[in-house]
Structure formats: C-alpha cells, structure tokens
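Secondary and tertiary structure notes
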Amino acid sequence: MGKVRNIYAAGNTARGYYHFYESVLQNLERLFILQGGPGTGKSSLIKAIGEEMMERGYEIEWIHCPSDNHSVDGVIIAGLKVGIVDGTAPRVIKSNAPGAVEEYVDIGTAWDVSYLRAHKVNIMQLNDAVGRAFQKAYDAFAQALRIHDEWERFYIENMNVVEANKVTDEVIERIIGEQVLPKAATVRRMFLGAATPEGPVDHIQNLTEDIAKRYFIKGRPGSGKSTMLKKLAAVAEQRGYNVEIYHCGLDPHSLDMVIIPEKSIAIFDSTAPHEHFPTRDSDEIIDMYTRLIAPGTDEKYAAELQEIKAKYSAVMKEGTAYLAEAKAIHDERKNIYAEATDFGKVKVIQSNILSKIDSLIISVENQ
C-alpha cells in the first residue's frame, strides 16, 4: 500500500471561503477537473481512483473538504504528478495549459436534465439557503478573530520583544544554520486544519509521521508563534530549501506550521485547537510564554482572560453550528442531484480517467 497524506487546500475562515489551490496543485503534469452538481458522485469517483492507486503502491495525498467531514475535494498521485479535483464552486481551479495539463470532465453528462428542471425552484431555494448559512458562519468566525485579537493584546503588551527576536534567531540557526542550497526553493502553501461542520480538524500527526525532528511551539495568543514561523519560512526559501507552509484555518494570514522536507524538520503551533504533545525522544518543545511573556501575566489578567476565552469559544461554536446547518441544506440539494444522476455513466467516466492515468504510467515506463 502506498503512503497517504491528508491536507486541506481550502477553508471556511474568518475571511470567508479561502483557498490555496494554485499552490497545492503546482507542478502537476495532468490535472482532471471535475464539473457537475452536488451529489453526482465526484467525491466517490475521486476516492475510488485514489484508493486504486494507493493499492498499487503509489503515494497519494487526499485534499479534504472543509464543509463535509466525509468528502474529499481532490487527490494527488505524487509519483505521477497527476491530480483529480472537484472544480465546482466555490473552488476556483486556475487553468494554465487547458488540454495539455488540465482536462475538464463533465459529470453533468450523467444527469437526467428533465428531472432537475422539474426541481428548479427547490434547487434555487436551497442554493440561497446554503449561501446564507455559510455567510453566517463566516460572520461568526470574523467575530471570533476580532475577539482573538483582543485576547492577543494582553500578551503582546507584556512581551519582551528583544527576547522574541533572540528566540527566533536561535530557532533559525538551529534549523537552517548557514547552509545554502544551490537551487531555487519550491514553496507549497495549504491549511494546517479546518473549521468543519463537526468542529476543528487537523492532520498534524499524519503530516509529521515520517519527519525526524518535530518542534512543538507552546504559548499564548500573541506570543509570537506565527511571526517566528513566517521568518523561518522566509529564510529557508532564501537558502534554497523547499518549504511546506501551513496556514491557520481561522486566519489564513497567520501560520501554524512549517515543514522543511530536505531537513526532515517540522515546527508547529501546538496549542488549542490543534494541541499535541511530544511522543518521541527527538520531539522538542519551544515554550514562547516562558521565554517571552512577563511572569505573572496569566495571573494578573485572569478574570479578563477567562471572559475573553469564554466569548471566543461561544462564537466559534456558533460558527461551527452554521457550518453544520449549511451541510444539512447542502445534503438536501445533493439528494435531488443524486436522484437525477445515472451512476452507471459516472462509473464509465471514472474508468476513462483511470485508463488515461494508466496510459501515462506506460509512457513514463517506456521513457
């Protein structure tokens, strides 16, 4: 069986629906972009081909759907530089070389169009309802981010900036040193985790399972974790190292993890909602609170911090509830399209894609 990596290319964030598809899908030689409505078997098709390639021993990368915990938005077969993605809204898949790299696959050819037309009014109403539910979720997450900024202020105002720069320099020196690789770096951006209808999800353990050295950053909001990761990523790129940059699922302008594959090093924000603890002898904690924040800050502002944490938690739960509402409405819409879909035809489309991948394998083997 081939190895599996799990990532998010998009997220439901405080800044709305946000994605890094262009970065995630870079350097692919073939990309199949599926077009079609909800409930037409796109996720099942992607899963079937991904599982088939995994059974053949290929490493695959699942691109998980942030709006449905049981669906995938794509799969990348790394060794073949082949990807299959759901290209329907709100996903925006940029086409660089249509026909040469990207191939659009219309699942709509399997529809009973007359059935869909008979349910047009219901479909339009559900479209509006699901859009409103998502917007309510985005508004809640935006409010949560404002509360988080207020939370951060207590620690920013009690931070030793000189020590913060010193810690960052120490980490960069320890991880990168003075080495420079004689090549241009490849930078790949995605999300560490996502806000989903079932709450926050991350795949840190999966993404770091083959990494030799892991740094767990502990601290409080506003204690410089994201800033340090940004500086580290910039230096690594300047020195020619390939970098995987993982953005925060709430605020895509913030970073939660950096992986430098050529060094087999991962360094990540290991605080809630993606709190993890060392399990290996090589794991190391970087405690930003102890190093940077004035002693007694937690105790001094205990009452205010408790109130802010409670407000933040309540609003995040509200946003999650709206995502669950959006999924429930979306499932109603999916059922209509599922009734109109001939899944036998979808199976034929699936077989055609797999045949094209097999042809690519043969051409690569014959080179």
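Residues numbered from 1 in each chain as written. Predicted model: local features only at pLDDT ≥ 70, side-chain atom pairs only at ≥ 80, totals over all residues. Heavy atoms only, no water.

1. Digging into the overall build of the protein chain
Along the backbone of the protein chain there are eleven helices and 16 strands. The C-alpha atoms of the protein chain give 22 Å as radius of gyration, which agrees with the globular expectation for 367 residues (21 Å, within 12%). For the protein chain, the spread of C-alpha atoms along the principal axes amounts to about 70 × 55 × 35 Å. Split into buried and exposed, the 367 residues of the protein chain put 53% on the buried side. Carbon and sulfur atoms make up 51% of the accessible area of the protein chain, which amounts to about 17,100 Å² in all. (Helix = DSSP H or I, 4+ residues; strand = E, 2+ residues; numbered from the N terminus. Rg over C-alpha atoms; globule rule 2.2 N^0.38 Å. Buried < 20%, exposed > 50% of the residue type's maximum accessible area, 1.4 Å probe, protein only. Areas by Shrake-Rupley, 256 points an atom, 1.4 Å probe, with all protein chains shown as cover.)

2. Observations regarding helix α7 (residues 225-238)
Look at α7: 20 Å from first C-alpha to last across 14 residues, which is about the 20 Å you get at 1.5 Å a residue. Taken together, the buried positions of α7 are occupied by Lys 225, Ser 226, Met 228, Leu 229, Leu 232, Ala 233, Val 235 and Ala 236. Along its buried surface, α7 packs onto α5 (161-175), β12 (213-218), β13 (243-247), β14 (255-260), β15 (265-269) and α8 (288-292). Taken from the residues just after α7, Gly 240 is the one with a positive phi, measuring 90 degrees. (Expected span 1.5 Å × (residues − 1). Contact = heavy atoms within 4.5 Å.)

3. Section: the sheet that holds β13
Picture the strands of a sheet paired through backbone hydrogen bonds; they go either parallel or antiparallel. The strand order β9-β13-β14-β15-β12-β16 describes an open sheet built from six strands, whose pairing is mixed. Edge positions in the sheet fall to β9 (187-191) and β16 (284-287), since each has one partner strand and no second. Each strand axis lies, on average, 15 degrees off the axis of its neighbour in the sheet, ignoring direction. Against the sheet, α7 contacts β9, β12, β13, β14 and β15, and its axis sits at roughly 30 degrees relative to β14. (Pairing = 2+ DSSP bridges. Axes fitted to C-alpha atoms, helices over the stretch in contact; angles between N-to-C directions.)

4. Brief notes about the nonpolar core
By size, the foremost hydrophobic cluster in this structure holds 61 residues, and its most contacted members are Phe 141, Ile 175, Ile 176, Leu 250, Val 258 and Ile 267. Considering every element that reaches this core, the biggest residue donor is helix α4 (residues 120-156), with 16 residues. Ignoring sequence-local partners within four residues, the contact set of Ile 176 consists of Leu 232, Val 235, Ala 236, Arg 239, Tyr 241, Ile 260 and Lys 263. (Core = buried A, V, L, I, M, F, W, Y, C linked by side-chain atoms within 4.5 Å.)

5. Concerning the domain arrangement of the protein chain
What the domain assignment lists for the protein chain is domain 1 (4-111 + 342-366) and domain 2 (159-293). For domain 1 and domain 2, the distance between their C-alpha centres works out to 28 Å. Every contact between the two is made by 27 residues of domain 1 and, on the other side, 25 residues of domain 2. Summed over both sides, the interface between domain 1 and domain 2 buries roughly 2,100 Å², with carbon and sulfur atoms accounting for 50% of that surface. By the criterion of area lost to domain 2, the three top residues of domain 1 are Tyr 8, Phe 20 and Asn 69, representing 30% of everything that side buries. Taken together, the connections running from domain 1 to domain 2 amount to three salt bridges. A salt bridge links Glu 244 to Arg 5, with the shortest nitrogen-to-oxygen separation between them at 2.9 Å. (Domains from an automatic or database assignment. Buried area = accessible area lost by both parts, 1.4 Å probe. Salt bridge = Lys/Arg side-chain N within 4 Å of Asp/Glu carboxyl O.)

6. A few points about the side chain of His 203
Mapped onto the secondary structure, His 203 falls in the loop between β11 (199-202) and α6 (204-207). Ignoring sequence-local partners within four residues, the contact set of His 203 consists of Asn 6, Tyr 8, His 64 and Leu 192.

7. Regarding the environment of Lys 309
Tracing the backbone shows Lys 309 in helix α10 (residues 302-339). Put simply, Lys 309 and His 148 are 161 residues apart on the chain and 8.4 Å apart in space, counted from C-alpha to C-alpha.

8. Observations concerning the packing of α5 against α7
At a closest axis distance of 10 Å, the pairing of α5 and α7 adopts a crossing angle of 40 degrees. Here the hand of the crossing between α5 and α7 comes out right-handed. Here Asn 165, Val 167, Thr 168, Val 171, Ile 172 and Ile 175 of α5 lie close against α7, whose contacting residues are Met 228, Lys 231, Leu 232 and Val 235. Along the lines of polarity and charge, the residues of the contact of α5 with α7 split into seven nonpolar, two polar and one charged. (Left-handed = near helix turned anticlockwise from the far one by under 90°. Nonpolar A, V, L, I, M, F, W, Y, C, P; charged D, E, K, R; others polar.)

9. What about the pattern of salt bridges?
Following the criterion strictly, the structure yields 25 salt bridges and no others. Because the salt bridges share partners, they merge into one network encompassing Arg 5, Glu 61, Arg 188 and Glu 244.

10. Comments concerning the packing of helix α2 (residues 42-55) against helix α11 (residues 343-365)
Where α2 contacts α11, the axes come no closer than 10 Å and their chain directions differ by 35 degrees. Taken as a pair, α2 and α11 cross one another with a handedness that is right-handed. On α11, the residues touching Leu 45, Ala 48, Ile 49, Glu 52 and Met 53 of α2 are Val 346, Ile 349, Gln 350, Ile 353, Leu 354, Ile 357 and Ile 361. Along the lines of polarity and charge, the residues of the contact of α2 with α11 split into ten nonpolar, one polar and one charged.

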